[in-house]
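Single-letter residue listing:
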Amino acid sequence: MEQTSKFIVISLRRSCDVHSHGFNSAWFNNITYVSPKVPTLYTALDAPRDVAMNPVIYGESTNPFVLEHNEVVEIILNNNDPGKHPFHLHGHNFQLVHRSEEEEGPYTAEQMADFPRVPMRRDTVLANPNGNIVMRFRADNPGAWLFHCHIEWHMDSGLVATIVEAPLALQDQRKAGIKALPAGHIDICQSTQTPYRGNAGGNTTDFLDVSNMNGPPAPPLPAGFTPKGIVALVFSTIAAALGIATIVWYGLGEIKTPGPNGVGVSRVLQ
């Protein structure tokens, strides 16, 4: 493969803090992935040509990287996390140029002393704890492709980046633009009330205005109890105490059995 023309450096970190959406979060370059209102592929098809290469229109929270057609791309991923992460790239079988051992830290050129003559090809590779990987591919498959951790709950936490590959070439291939979509795609969008035109925020008049896009999750939940939590804890404790007292009261009471005339007679069960 020829000399690399574009470098993408991605730093990974995770947090155990629970955010307002009920999950902990993970980040690529301090961005946790949030789905756009309009699917990225549809934005790439619908965008005017003068802004289709601008990552702004795809929304910051999708973590977009926009590639020129046929350029050679190198992704350097630094895993700043004590866990292992299997990373998968859609749309390509990339060359794995380098993978560090555990605890080698961020990638430096000195780590790759021996360049492999024939790098192995993969679509998924495991990044070692606090290590790094280097992968290359040619941007010859126009489309919108995800790069993500293949552990499902890590994806849910936000370990996803969007590779917007050659959007102008994509528009050249689909000259009808958004109208080139199969009718089934549009039917599904309409039935689920998902916008299919415009930028990441659904703006069809000014593609550079993404003020309406889906934003990142709110900050972590506050440590300790909030006033509402304290009130809920107090009343829950009172309810539990009353419940236990009622059970004990019934348990200590005498058990009555029907007498000869149907009247209850107290006695102790043998």
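Residues numbered from 1 in each chain as written. Predicted model: local features only at pLDDT ≥ 70, side-chain atom pairs only at ≥ 80, totals over all residues. Heavy atoms only, no water.

Another point: the overall build of the chain. For the chain, the helix and strand inventory stands at five helices and 13 strands. Per-residue burial for the chain yields a buried fraction of 39% across its 270 residues. Accessible surface for the chain amounts to roughly 15,500 Å². Of this, 57% is attributable to carbon and sulfur atoms. (Helix = DSSP H or I, 4+ residues; strand = E, 2+ residues; numbered from the N terminus. Buried < 20%, exposed > 50% of the residue type's maximum accessible area, 1.4 Å probe, protein only. Areas by Shrake-Rupley, 256 points an atom, 1.4 Å probe, with all protein chains shown as cover.)

Counting residues in each nonpolar core, the largest one holds 26 residues, and the members touching the most others are Ile8, Ile10, Phe28, Ile75, Leu77, Phe87 and Phe147. Ignoring anything within four residues of it in the chain, the contact list for Phe147 reads Ile10, Phe28, Ile75, Leu77, Phe87, His88, Leu89, Met135, Leu159, Val160, Ala161 and Ile163. Core analysis: the second largest hydrophobic core is formed by 17 residues, Leu45, Val164, Leu170 and Cys189 among them. (Core = buried A, V, L, I, M, F, W, Y, C linked by side-chain atoms within 4.5 Å. Contact = heavy atoms within 4.5 Å.)

On the surface, Ile230, Val231, Val234, Phe235, Ile238 and Leu242 cluster together into a nonpolar patch covering about 570 Å² of accessible area. With respect to the element layout, Leu242 can be found in helix α5 (residues 227-252). (Patch = residues over 30% accessible without salt bridge, like charges linked within 9 Å, V, L, I, M, F, W, Y side chains within 5 Å. Salt bridge = Lys/Arg side-chain N within 4 Å of Asp/Glu carboxyl O.)

This part is about the sheet that holds strand β8 (residues 124-127). If you walk across this open sheet you meet the five strands as β3-β11-β10-β5-β8, and the pairing is mixed. Across the chains shown, the open sheet's two edge strands, defined by having one partner strand only, are β3 (64-67) and β8. Across this sheet, the average inter-strand angle for adjacent strands is 20°, counted without regard to direction. In the sheet, β3 pairs with strand β11 (residues 160-165) via four bridges, with the strands oriented parallel. Bridging across to β11, Pro64 finds its partner in Thr162. (Pairing = 2+ DSSP bridges. Axes fitted to C-alpha atoms, helices over the stretch in contact; angles between N-to-C directions.)

Note on strand geometry: in a regular strand, side chains alternate between the two faces of the sheet. Summarising burial for strand β6 (residues 94-99): five of the six residues are buried, a large majority. For β6 and strand β7 (residues 120-122), the ladder comprises three bridges, and the chain directions are antiparallel. Within β7, the residue paired with Leu96 across the bridge is Met120. Taken together, the four bridges between β6 and strand β9 (residues 132-138) define a ladder with antiparallel strand orientation. Bridge pairing links His98 to Val134 in β9.

If you walk through the whole model with that rule in mind, you get three salt bridges. For the salt bridge of Arg197 with Asp46, the shortest nitrogen-to-oxygen distance reads 2.7 Å. Taken together, the residues span a long stretch of sequence, with Arg197 in the loop between α4 (183-191) and α5 and Asp46 in helix α1 (residues 40-46) at a distance of 151 residues. Residue Arg49 pairs with Asp172 through a salt bridge whose shortest N-O separation is 3.1 Å. Here Arg49 is found in the loop between α1 and β3, whereas its partner Asp172 is found in helix α3 (residues 167-173), with 123 residues between them in sequence.

With that settled, consider the pairing of β9. Buried residues dominate β9, accounting for six of its seven residues. Where strand β4 (residues 72-79) and β9 come together, seven bridges link them in antiparallel fashion. Bridge pairing links Val73 to Phe137 in β9.

So, on to unusual backbone geometry. Despite not being glycine, Asn30 shows a phi value in the positive range, around 65°. Within the secondary structure, Asn30 is located in the loop between β2 (24-28) and α1. With phi around 60°, Glu103 is a residue other than glycine that occupies positive phi space. Its location among the elements puts Glu103 in the loop between β6 and β7. Accessibility expressed as a relative area gives 53% for Glu103, which makes it exposed.

By the definition in use, this model includes four aromatic pairs. With centroids separated by 5.5 Å and ring planes inclined at 20°, the aromatic side chains of Phe87 and Phe147 adopt a geometry described as stacked. Of the two residues, Phe87 is situated in strand β5 (residues 85-89) and Phe147 in strand β10 (residues 143-149); the sequence distance between them amounts to 60 residues. Here Phe87 matches Phe147 in class, with each residue buried. Look at Trp249 and Tyr250: their rings are 4.9 Å apart centre to centre, the planes differ by 65°, and that puts the pair in the edge-to-face class. Taken individually, Trp249 and Tyr250 each receive the classification exposed, so the pair is uniform in this respect. Linked through ring pairs, Phe28, Phe87 and Phe147 together constitute an aromatic cluster. (Phe/Tyr/Trp six-rings, centres within 6.5 Å; stacked < 30°, edge-to-face > 60°.)

In short, shape yes, function no, at least from these values alone.
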